[in-house]
Amino acid sequence: ETHPHLSDYFINQVFCKTLDNNVCNLLTITTLTNDSPVPIHERKLFVCSGRVHPGETVASWMVKGLIDFLIDNNNETSKYLRDNFVWKIVPMLNPDGVVNGNHRCS
């Protein structure tokens, strides 16, 4: 499935590099064009992070579902949420733990 208008409301940035030099992404989802009835500086901010604890694998599915819902160009509720909020999503806050297979251990 492709999203031809994805650049109108989606930005993927490097939030930081981890101690193991893995990338921690920061996604921004909001209407970036002038089509929104609410100016971007007046929109409320919503922050969501997933995989804080590496063993909580279901968090990846929850974040994926949220992202898929927010970028759905055929859903009026998704458009409303993009027009009225700035969504900042860190899909995997602890990539080192996930990559190394840690689960509540050091």
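Source: prediction; values computed, not measured. (Residues numbered from 1 in each chain as written. Predicted model: local features only at pLDDT ≥ 70, side-chain atom pairs only at ≥ 80, totals over all residues. Heavy atoms only, no water.)

**Things to note about the packing of aromatic side chains**
Keep this limit in mind: Centres within 6.5 Å are what make two rings of Phe, Tyr or Trp a pair, Trp counting through its six-membered ring; a difference in plane orientation under 30 degrees is then read as stacked, over 60 as edge-to-face, and the rest as tilted. Helix and strand definitions follow DSSP, with helices as H or I runs of at least four residues and strands as E runs of at least two, each counted in order from the N terminus. Relative accessibility decides the category of a residue: with a 1.4 Å probe and only protein chains considered, values under 20% of the type maximum give buried, values over 50% give exposed, and everything between is partly exposed. By definition, being over a ring means that NZ of Lys or CZ of Arg is both within 6 Å of the ring centre and within 35 degrees of the ring normal.
The full count for this structure, using the stated rule, is two aromatic pairs. Residues Phe46 and Trp87 carry aromatic rings whose centres are separated by 4.3 Å and whose planes lie at 45° to one another, so their mutual orientation is tilted. You can see Phe46 sitting in strand β3 (residues 44–49) and its partner Trp87 sitting in strand β4 (residues 85–90), a full 41 residues away along the chain. A relative accessible area of 36% means that Phe46 is categorised as partly exposed. Each residue in the set Phe46, Phe85 and Trp87 is aromatic and connected to the rest through ring pairs, giving one cluster. Cation over ring: Arg82 sits above Tyr9, and NZ or CZ is 4.1 Å from the ring centre.

**Remarks on unusual backbone geometry**
One non-glycine residue with positive phi stands out, namely Asn21, at about 70°. Here Asn21 lies in the loop between β1 (10–17) and β2 (23–29). The exposure class of Asn21 is exposed, given its relative accessible area of 52%. Phi angles above zero are rare outside glycine, and Arg51 is one such case at about 55°. With respect to the secondary-structure elements, Arg51 resides in the loop between β3 and α1 (58–70). For Arg51, a relative accessible area of 9% corresponds to the buried category.

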